[in-house]
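If you want the building blocks of each chain, they are given just below.
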Amino acid sequence: IFFGVSDRYSKSMLSLRRPLAGVALPFLSHLAVIVSGIDNGLGQTPPRGWRSWNTFDCTSDPRIIHDKDMRGAMRAVLDSSRSVGGKPLRLKDLGFSWISMDDGWQQCNCSTRQDLDPTLPKCSVDECIGGKCTWHNKVTGLPMVNLHRFPDMHSLVEYGHSLGLKVGGYLNTCICMEHQPTTHYEQDVAWFLAMGFDGVKIDSCGNSVNVSRFAELFNKSGKAVRIENCHNGAPDPKTGFCPMNMYRSGGDISADFGSILGEAYSTLPYNDRADPLSRPGCWAYPDMMQVGNFNGAEPQRTDEERSHFGLWSIVSSPLILGFNMTDRDTMDRVWPIITNQDALEVNQGWAGHPGTLIKSYLAVDLPVFQIGHGSCSAKGALGWRLSEGRLLAPGSTEEAPLCVDGSISLPDEPAVYANPCPPPTTGSGQVNCGLPIRNCSLVTGLWDFDAPSGLLFWHNSETADPGCLQVFPQELSPLTSIEPGQPPSGAFRAPKSTGKLRVGNGERRPAMTQLIQCPALGKLPPPGGRFNFTEDGALMFSGDGAVSAAGCLTSVLLNGVQLWSKPLPGSKVAALLVNVLSVPQSVQLPLADVPGLGGGAGTSRACATRDVWRQEDFVVHSAHLELGLA
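Residues numbered from 1 in each chain as written. Predicted model: local features only at pLDDT ≥ 70, side-chain atom pairs only at ≥ 80, totals over all residues. Heavy atoms only, no water.

### Quick look at the overall build of the chain
Step number 1: Across its full length, the chain holds 10 helices and 35 strands.
Step number 2: Scored against the burial criterion, the 630 residues of the chain give a buried share of 57%. (Helix = DSSP H or I, 4+ residues; strand = E, 2+ residues; numbered from the N terminus. Buried < 20%, exposed > 50% of the residue type's maximum accessible area, 1.4 Å probe, protein only.)

Structure representation (structure tokens):
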């Protein structure tokens, strides 16, 4: 059976598919060999549940987490008033059985965020980093609970257990950032176990950032505790050692589609590998979901939230809800998304790979261009010229002059999302992104060229200092190990204690052409920052012969629809198409681009397809699938 979707007016398309003839389905280069993970038996499939932060982030009184909010979320996943497939069903029945609190439960001696206690002094982030803040008892070293918000923490956890739920907590808090000389690993674990918690999120704002130490202590207790690592490291790329069940790959999410795309991209260093580091028992996790928290008009809001859920499903991310589940109107609106059993099957299925971005397709029927780079003989490489402060691009005419705009990073007409430029992948290494090319009447700044240095300067009246054009090399770099104590350059932090956890740090940087701060007077610009106009209208840039090669700037279309894919058990494969533009796109998807379908998808072999969102089946008889995406 070949699953798939073809919603003509959806922002995305999620599908499961296999050739009817039953061919093998290789994915990337080979399937992973599972290596060591935390030995607690948990998280063998991507976890599902709810965590409080996206609704209760302590920014105002109504958004401070209390005992009643946790109990309300617990009751919400047991509500049987809605149905799936005509049968009454609860979220708990679909695996959303973990209810977890985030920051705000603790009693701090001062606070960097709003607090209900008017006697509690306010302290700055700098004061906390300086060691002023603590949420541990000075005598016992045990965590202190804000009793106004949680009068009886153990009773709350037991209430969840009485409903057949798992209850998660939160450590190493950000509202009260401890940076004192002492740590409290043993006391935190002892208190956590005494309260009866089943899982823990370990944040990175304090000084207790050694996740392997926490894992060691929890494992010694004999109780299996699910560990969520928030920015304290990643699995060791050399050995695969993973002392946690899920780990944050992305930054803090927000309820807009640009943020969602950026978070999804964060999984690539862990997923887009022949030996993926996201796997059963150790899942890469962009962040809690924002489904239910989007604003805006319909049908765009539903399209974007459905695409959000589809992205988390196809990369095997934990599905942690973050909206107010006691809001019945919101629950009614998102119910068809979060209970879609085909999407959940994609998320939970495991056939050796977690799923990843495969490739991007250029925009169609959208004459909006950006700077790219490549061969000097490539299409769009000839016709560059500098005239009266305007950097005119190939294809420019007297009637419709096209200029490079250094004042914005992306075109605003038509509007595009904040992250339309995807990282390179093993399936499609060539990705070009750069400054927008617009009608010259919309460009307010001026360009200058200094031939001796090869610098191209952008001057804008809004900024005092000029910027210089720079071509960044494309990078598809693997994760590297970082020794404990050596701070990584990315968002991850090395452990400070036992040193058992090695931190992975890798970067997927698209081929970008952007403005940077100009080099100091007398200093040569870096490779990719020295340019030369040739007689035939090419705009060449320098390379260093090693990391970056020389080439020419080109005028290219924006990136449009993206293809994400994941292999599934039973010779199935899932595919997700996402339109990253805010204008409709059509795509003629070559089925050969979907890993595993190249050998069987064509005119001689039909592919059975299921539309995940519409819950409909159909058969594709050709080598292409024509789709329209809103």
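### Topic: the sheet that holds strand β2 (residues 48-51)
Step number 1: Spatially, the eight strands line up as an open sheet ordered β10-β9-β8-β7-β6-β5-β2-β11, and their pairing is parallel. Taken across any chain shown, the strands that pair with only one partner, and hence form the sheet edges, are β10 (283-285) and β11 (319-321). Looking at each pair of strands side by side, their axes are set apart by 25 degrees on average, direction ignored.
Step number 2: Pairing of strand β6 (residues 166-171) with strand β7 (residues 199-202), which is carried by four bridges, proceeds in the parallel orientation. From the neighbouring strand, Gly-168 faces β7, where its bridge partner is Gly-199.
Step number 3: Of the strands in this sheet, β2, β5 (98-100) and β6 are in contact with helix α1 (residues 67-76), which crosses β5 at around 165 degrees. (Pairing = 2+ DSSP bridges. Axes fitted to C-alpha atoms, helices over the stretch in contact; angles between N-to-C directions. Contact = heavy atoms within 4.5 Å.)

### So, the nonpolar core
Step number 1: Within the largest apolar cluster, 94 residues are counted, with the highest numbers of intra-cluster contacts made by Met-70, Trp-105, Met-153, Phe-309, Leu-311, Met-325 and Trp-564.
Step number 2: Setting aside its immediate chain neighbours within four residues, Leu-311 contacts Phe-257, Ile-260, Leu-261, Ala-264, Trp-564, Leu-576 and Val-578.
Step number 3: Judged by nonpolar contacts, the second largest core, of 20 residues, contains Leu-391, Val-404, Leu-456 and Leu-553. (Core = buried A, V, L, I, M, F, W, Y, C linked by side-chain atoms within 4.5 Å.)

### Section: the pattern of salt bridges
Step number 1: Per the stated rule, a full pass over the model turns up 24 salt bridges.
Step number 2: In this structure, Lys-68 engages Asp-69 in a salt bridge whose closest nitrogen and oxygen atoms are separated by 3.2 Å.
Step number 3: Overall, Lys-68 belongs to the exposed group, its relative accessible area being 57%.
Step number 4: We classify Asp-69 as buried; its relative accessible area is 12%.
Step number 5: Residue Arg-213 is joined to Glu-216 by a salt bridge in which the shortest nitrogen-to-oxygen separation is 2.8 Å. Taken together, the positions of Arg-213 and Glu-216, both in helix α5 (residues 211-221) and three residues apart, correspond to about one turn of that helix.
Step number 6: On the basis of relative accessibility, which here comes to 17%, the residue Arg-213 falls in the buried class.
Step number 7: Through salt bridges with shared partners, a single network forms among Asp-79, Arg-82, Arg-328 and Asp-332. (Salt bridge = Lys/Arg side-chain N within 4 Å of Asp/Glu carboxyl O.)

### Structural notes on the state of the cysteines
Step number 1: Applying the stated rule across the entire model yields eight disulfides.
Step number 2: Covalently, Cys-242 is tied to Cys-282 through a disulfide, its sulfur atoms 2.0 Å apart. Disulfide Cys-242-Cys-282: the torsion about the S-S bond is 95 degrees, which places it as right-handed. With a gap of 40 residues between them, Cys-242 in the loop between β8 (226-229) and β9 (246-248) and Cys-282 in the loop between α7 (268-271) and β10 connect regions that are remote in the sequence.
Step number 3: With a relative accessible area of 1%, Cys-282 lands in the buried category.
Step number 4: One disulfide bridge connects Cys-468 with Cys-518, the sulfur atoms lying 2.1 Å from each other. (Disulfide = S-S within 2.5 Å.)

### Side note on the packing of α1 against helix α3 (residues 153-162)
Step number 1: Between α1 and α3, the shortest axis-to-axis distance is 10 Å and the interhelical angle comes to 5 degrees. Our classification of the angle between α1 and α3 gives roughly parallel. Facing Asp-67, Met-70, Arg-71, Met-74 and Arg-75 of α1, the residues of α3 in contact are Ser-155, Leu-156, Tyr-159 and Gly-160.
Step number 2: Its residues placed into classes, the contact of α1 with α3 shows four nonpolar, two polar and three charged. (Parallel < 35°, antiparallel > 145°, perpendicular 65-115°, else oblique. Nonpolar A, V, L, I, M, F, W, Y, C, P; charged D, E, K, R; others polar.)

### Regarding the confidence of the model for the chain
Regions with low pLDDT carry predicted coordinates that are not meant to be interpreted in detail.
Step number 1: Across the chain, the average pLDDT comes to 83, with 83% of residues at or above 70.
Step number 2: For residues 16-35, every residue scores under 50 in pLDDT, and the model assigns this stretch 82 contacts once sequence neighbours within four places are set aside. (pLDDT = per-residue confidence, 0-100.)

### Thoughts on the packing of aromatic side chains
Step number 1: Applying the stated criterion across every chain yields a total of 12 aromatic pairs.
Step number 2: Relative to Phe-197, the ring of Trp-191 lies with its centre 6.0 Å away and its plane at 45 degrees, an arrangement referred to as tilted. Of the two residues, Trp-191 and Phe-197, both sit in the buried class.
Step number 3: Three or more aromatic residues joined by ring pairs make a cluster, and in this case those are Trp-105, Trp-135, Trp-191, Phe-192, Phe-197 and Phe-218.
Step number 4: Positioned above the aromatic ring of Tyr-159, the side-chain terminus of Arg-71 is 4.7 Å from the ring centre.
Step number 5: Taking the ring centre of Trp-98 as reference, the NZ or CZ of Arg-226 above it sits at 3.8 Å. (Phe/Tyr/Trp six-rings, centres within 6.5 Å; stacked < 30°, edge-to-face > 60°. Lys NZ or Arg CZ within 6 Å of the ring centre and 35° of its normal.)

### Side note on the pairing of strand β30 (residues 559-568)
Step number 1: Extensive coverage of β30 is indicated by the burial of 10 of its 10 residues.
Step number 2: Relative to β30, strand β12 (residues 356-362) runs antiparallel, the two being bridged by five bridges. In the strand pairing of β30, Ser-360 is matched with Gln-562.
Step number 3: Bridge analysis of β30 against strand β31 (residues 572-579) gives eight bridges, and the strand direction is antiparallel. Its bridge partner lying in β31, Leu-563 is registered against Leu-577.

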